[in-house]
Amino acid sequence: MAAAKTIKIKQVGSPIRRPESQRKILIGLGLNKMHKVVERQDTPEVRGAIAKIPHLVEVVD
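Read on for an overview of the structure. All chains use their own residue numbering, which begins from 1 and follows the written sequence. For this predicted model, a pLDDT threshold of at least 70 governs which residues receive local features, and a threshold of 80 or more governs which side-chain atom pairs are given and counted, while totals over whole chains, interfaces and linings are taken from all residues. No hydrogens and no water enter the side-chain calculation; it runs on all heavy atoms of the structure.

A closer look at the sheet that holds strand 1 (residues 6–11)
The line we're drawing: The rule for pairing is simple: two strands pair if DSSP sees at least two bridges between them. Helical segments are the DSSP runs of H or I of at least four residues, strand segments are the runs of E of at least two, and each set is numbered from the N terminus. Every angle, taken between N-to-C directions, lies between 0 and 180 degrees, and every axis is a line fitted to C-alpha atoms, over only the stretch in contact when it is a helix.
Ordered in space as 2-1-3, the three strands form an open sheet in which the pairing is antiparallel. Because the sheet does not close on itself, it has two edges, and the strands there are strand 2 (37–41) and strand 3 (57–60). Strand-to-strand twist in this sheet, taken as the mean axis angle between neighbours without regard to direction, amounts to 35°. Sheet topology note: the strand 1/strand 2 ladder contains five bridges and is antiparallel. In the sheet register, Lys-10 faces strand 2, and the bridge partner there is Val-37.

Now the structure itself:
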């Protein structure tokens, strides 16, 4: 079985004064503190979540 591709996501923006839906997306990605980096599988669902909050996260190589 081939290894699943992963993507590293870093939180660069604060969820303070953001809509509740954006906060929930951050929590769903596993982010809750500034400059935290998580590694997730590179799926369309994760890419869609990143696309909804590009001002709060960045993709790290």
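A word on helix 1 (residues 20–29)
Put simply, the rule reads: Burial classification: accessible surface area is computed with a 1.4 Å probe over protein chains only, and a residue below 20% of its type maximum counts as buried, one above 50% as exposed, and the rest as partly exposed. Relevant arc is that of directions from the helix axis to the C-beta atoms, nothing else. We call two residues in contact whenever any of their non-hydrogen atoms come within 4.5 Å of each other.
Looking only at helix 1, the buried set comprises Gln-22, Ile-25, Leu-26 and Leu-29. All buried residues of helix 1 fall inside an arc of 100° around its axis, so they share one side. Of the exposed residues in helix 1, those oriented more than 90 degrees away from the buried face are Lys-24, Ile-27 and Gly-28. Against the buried residues of helix 1 lie strand 1, strand 2, helix 2 (44–52) and strand 3. Residue Gly-30 follows helix 1 closely and has a positive phi angle near 90°.

Structural notes on the environment of Glu-58
Structurally, Glu-58 is set in strand 3. In sequence terms Glu-58 and Val-12 are 46 residues apart; their C-alpha atoms lie 6.8 Å from each other. Excluding its chain neighbours within four sequence positions, the residues that come into contact with Glu-58 are Lys-8, Ile-9, Lys-10 and Val-12.

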